[in-house]
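Summary of structural features
What follows is the residue order along each chain.
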Amino acid sequence: NLINMPFQALGNTAWFLARFVFSMFTGLRQNIFLDVPDAEGDVRRFVDAFRQRYGERTPQFLPCSYSQAVRRAKEQSKMLAVYVHNEGHRETDAICRAVLCAEPIVAYLADNLLAFGVAAESPEGRRVAMTLRTWGQPSLCVLVHSEQGQLVCVDRISPGGGGIGG
């Protein structure tokens, strides 16, 4: 109803600001604000939809939650390419077809990195987007484990956000 809209907007803004301030102190390693009951299901649904839309020549996304993908990358001493898909962004389809599904990219990812993908619209996708600070646009982040054991984003590629040298 029209009378409640300003109060709802104010409440949503306050909640966002509280999460933002909290994230500055925690580094968003563990997001206590989002409970994701079926993270693996969110990822499987994304991977299935992505392959159905873009064909079989796609990155071999890990069929697991983000935290499991991070653990696998650490165990295998590999970099982790994390793709956060945003269906609502005008450049998403072009990025998927021209970049993510390009044969050299698919082959490079398969040979050198582990790949994880999730839709930003899902609960697991929102958590990953918040963790990596990739809001409102499709993004590809390359993560490595530092010598101190921390996960570090060494590059981020997104529309208008640049990438290596960008």
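Residues numbered from 1 in each chain as written. Predicted model: local features only at pLDDT ≥ 70, side-chain atom pairs only at ≥ 80, totals over all residues. Heavy atoms only, no water.

In terms of burial, strand β2 (residues 113–119) is a largely internal element, seven of the seven residues being buried. Of the two faces of β2, the one lined by Leu-113, Ala-115, Gly-117 and Ala-119 and the one lined by Leu-114, Phe-116 and Val-118 are each fully buried. Bridging between strand β1 (residues 79–85) and β2 involves seven bridges; their strand directions are parallel. Residue pairing across strands places His-85 opposite Ala-119, the latter belonging to β2. (Buried < 20%, exposed > 50% of the residue type's maximum accessible area, 1.4 Å probe, protein only. Helix = DSSP H or I, 4+ residues; strand = E, 2+ residues; numbered from the N terminus. Pairing = 2+ DSSP bridges.)

A word on the sheet that holds strand β4 (residues 151–157). Taken in spatial order, the four strands line up as β2-β1-β3-β4 in an open sheet, and their pairing is mixed. The outermost strands of the open sheet, each flanked by one partner alone, are β2 and β4. Neighbour-to-neighbour, the strand axes of this sheet turn through a mean angle of 25 degrees, independent of strand direction. Looking at chain direction, strand β3 (residues 139–145) and β4 are connected through six bridges and run antiparallel. Directly across from His-145, in β4, lies its bridge partner Leu-151. (Axes fitted to C-alpha atoms, helices over the stretch in contact; angles between N-to-C directions.)

This part takes up the packing of helix α2 (residues 39–54) against helix α4 (residues 92–100). Running from N to C, α2 and α4 cross one another at 75 degrees; their axes reach a closest spacing of 12 Å. Classified by the angle their axes make, α2 and α4 are roughly perpendicular. Listed contacts from α4 to Phe-50, Arg-53 and Tyr-54 of α2 are Thr-92, Asp-93, Cys-96, Arg-97 and Leu-100. Looking at side-chain class alone, the contact of α2 with α4 contains four nonpolar, one polar and three charged residues. (Parallel < 35°, antiparallel > 145°, perpendicular 65-115°, else oblique. Contact = heavy atoms within 4.5 Å. Nonpolar A, V, L, I, M, F, W, Y, C, P; charged D, E, K, R; others polar.)

Close contact between α2 and helix α6 (residues 123–132) brings their axes to 8 Å; oriented N to C, the two are set at 95 degrees. One element, α2, and the other, α6, form an angle in the roughly perpendicular class. Across from Ala-39, Asp-42 and Val-43 in α2, the residues of α6 making contact are Pro-123, Glu-124 and Arg-127. For the contact of α2 with α6, the class distribution of residues is three nonpolar, no polar and three charged.

Below, the discussion takes up unusual backbone geometry. Positive phi is not limited to glycine here, since Ser-77 has a value of about 50 degrees. Summarising the element assignment, Ser-77 is placed in the loop between α3 (66–76) and β1. Even without being glycine, Arg-133 reaches a positive phi, approximately 60 degrees. In this fold, Arg-133 is placed in the loop between α6 and β3.

All right, on to the pattern of salt bridges then. It is possible for side chains bearing opposite charge to pair when their charged atoms get close. Applying the stated criterion to the full structure yields nine salt bridges. A salt bridge links Glu-40 to Arg-44; its shortest N-O distance comes to 3.8 Å. Of this pair, Glu-40 and Arg-44 both sit in helix α2, separated by four residues, roughly a single helical turn. Owing to a relative accessible area of 31%, Glu-40 belongs among the partly exposed residues under this scheme. A cluster of three or more residues bridged by salt bridges with shared partners is formed by Arg-53, Glu-87, Asp-93 and Arg-97. (Salt bridge = Lys/Arg side-chain N within 4 Å of Asp/Glu carboxyl O.)

Structurally, Arg-127 can be placed in helix α6. Given the relative accessible area of 25%, Arg-127 is considered partly exposed. For the pair Arg-127 and Tyr-66, spaced 61 residues apart in the sequence, the C-alpha separation amounts to 9.1 Å.

Limitation: the analysis is restricted to geometry and does not speak to function.
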